[in-house]
Amino acid sequence: MSFKDIIGQEIAVKLLGNSLKHGRVPHAYLFIGPRGVGKNLTAINLAKALNCDGSSEIPCDRCVCCKKIDASIHPDVKYIYPTGPSLSITIDNIRELRTQISFKTYEGKKKVYIIAEAENMTIQAANCILKTLEEPPENSVLILTSTDSHLLLQTIVSRCQAVPFNRIELHRIESFLVEHHRVDKSLAHFIANLSQGSLGEALELKDDTQISLVKGKLVDMLSRLKNEDVLTLVGEFNKEVFNNDNGERGRDVREYRNKLRMSLDMLTTCFRDIAILKQAGKQVSLINLDIREDIKQLENKFSLSQIERFLNTITDMKMYVRNNVSSQLILERLFLDIQGKVDA
């Protein structure tokens, strides 16, 4: 894939293209934007462009350098990702980078180091990379990616050229899923909205066989909430969705976070659709087109003011997800809060 295959990031691609065209490539970039909008793909294509042997279109995607970088086997292009139980980038990772980047290139034109999710660097690692940014070796380019520049040391941010990445328009994600992955249009519409402008998220969701299960369980919980015990409902949800009785996360922290976050996002779409039906009636298009009748059954159970408070509560619960609190505790608190507001 080349720059032309990157969807929805025309400004970022144009900025990088101008730098390449005029030979004004800085020693360090900071790609800033939400998860799954093309930062890593753009970083890989920039690495290819800096080392491409092609003579016309750069990157050409055909030369040995481009193919090696795509296959992650080019000796002058390295990737650093958060690893381990804490999903962090350690000082040992950065020390190894500092050692390797000081060597001459093996076969490429420039050494390129891509540090993905750089906000996950430990403070020791961040201070260590700062030394490299202050005294960058010749023929080297660092590319840091992050969801938020405020999560990084400002001394790091100030030494990088920032390239903004935006959320992708939902209709472009929906069209991409339908045209390139043959996803059913109603499902593509739902996934595009659930992805919140993240194509990477949408591509993961299209292969998630639990989407219908989670959505169905959430709607079922809302319909039974007023008359049944919350702890029983949450226990059933955890058993079916997380494959356990108490919501304790397994070994894959990232998968646990994503599944719980997806559940909260799905609940948000349900409340959004209920609010839209209450305000606009049947004429408006819902996010959950496949369960429109189920959503309609919930229309009279909640007032608009209650829905607004529920959405605020869901936003609060997402902070607990980032702190790895168990799904049992998060969902119990959320649905007890919802039940309390319904009964009030």
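Rules and cut-offs
Residues numbered from 1 in each chain as written. Predicted model: local features only at pLDDT ≥ 70, side-chain atom pairs only at ≥ 80, totals over all residues. Heavy atoms only, no water. Axes fitted to C-alpha atoms, helices over the stretch in contact; angles between N-to-C directions. Helix = DSSP H or I, 4+ residues; strand = E, 2+ residues; numbered from the N terminus. Parallel < 35°, antiparallel > 145°, perpendicular 65-115°, else oblique. Left-handed = near helix turned anticlockwise from the far one by under 90°. Contact = heavy atoms within 4.5 Å. Polar contact = N/O pair within 3.5 Å; in protein donor to acceptor, adjacent residues only side chain to side chain. Buried < 20%, exposed > 50% of the residue type's maximum accessible area, 1.4 Å probe, protein only. Arc of directions from axis to C-beta. 1 Å grid on protein atoms, 1.4 Å probe; cavity = no way out; pocket = protein on both sides within 12 Å on 5 of 7 lines; lining within 4 Å. Points joined across faces, edges and corners; volume = space filled by probe spheres on them. Nonpolar A, V, L, I, M, F, W, Y, C, P; charged D, E, K, R; others polar.

K.L.:
Could you clarify how one ought to interpret the packing of helix H7 (residues 170–181) against helix H8 (residues 185–195) in this entry?
P.N.:
A pair of packed helices can be characterised by two numbers: the angle between their axes and the separation between those axes. Two numbers describe how H7 lies on H8: the axes approach to 8 Å, and their chain directions differ by 140 degrees. The angle between H7 and H8 places the two elements in the oblique class. H7 and H8 meet at a crossing whose hand is right-handed. The residues of H8 that touch H7, namely those facing Leu170, Ile173, Glu174, Leu177 and Val178, are Lys185, Ala188, His189, Ile191, Ala192, Asn193 and Ser195.

K.L.:
Help me out: how do you make sense of the environment of Gln196 in this one?
P.N.:
When you line up the elements, Gln196 lands in the loop between H8 and helix H9 (199–206). Along the chain, Gln196 and Gln161 lie 35 residues apart, while their C-alpha atoms are 26 Å from each other. Discounting residues that sit within four places of it in the chain, Gln196 has contacts with Arg167, Leu170, Asp265 and Lys318. Side-chain polar atoms of Gln196 contact the side chain of Asp265, separated by 3.4 Å.

K.L.:
Would you explain the side chain of Lys259 in this entry?
P.N.:
Checked against the element boundaries, Lys259 lands in helix H12 (residues 253–280). Given the relative accessible area of 17%, Lys259 is considered buried.

K.L.:
Any chance you could explain helix H4 (residues 91–101) here in plain terms?
P.N.:
Because each turn of an α-helix spans 3.6 residues, side chains separated by three or four positions end up pointing in the same direction. Three or more residues of H4 are buried, namely Ile94, Leu97 and Ile101. Angularly, the buried residues of H4 cover 55 degrees about the axis, an arc narrow enough to put them on a single face. Buried residues belonging to H4 abut strand E2 (77–80), strand E3 (111–115), helix H5 (123–134) and strand E4 (140–146).

K.L.:
Any chance you could explain the layout of surface pockets here in plain terms?
P.N.:
Reported here for the largest pocket is a volume of approximately 1,400 Å³. Taken together, 42 residues line the largest pocket, and the ones lying closest to its centre are Pro34, Arg35, Gly36, Thr147 and Arg261. For the lining of the largest pocket, the secondary structure elements donating two or more residues are helix H2 (39–51), E4, H8, H9, H12 and helix H14 (304–322). Considered class by class, the residues forming the lining of the largest pocket number 16 nonpolar, twelve polar and 14 charged. Approximately 240 Å³ is the volume attributed to the second largest pocket. Taken together, the elements giving at least two residues each to the lining of the second largest pocket come down to H9 and H12. Per-element tally for the lining of the second largest pocket: the top contributor is H12, with six residues. In terms of residue class, the lining of the second largest pocket is made up of two nonpolar, two polar and eight charged.

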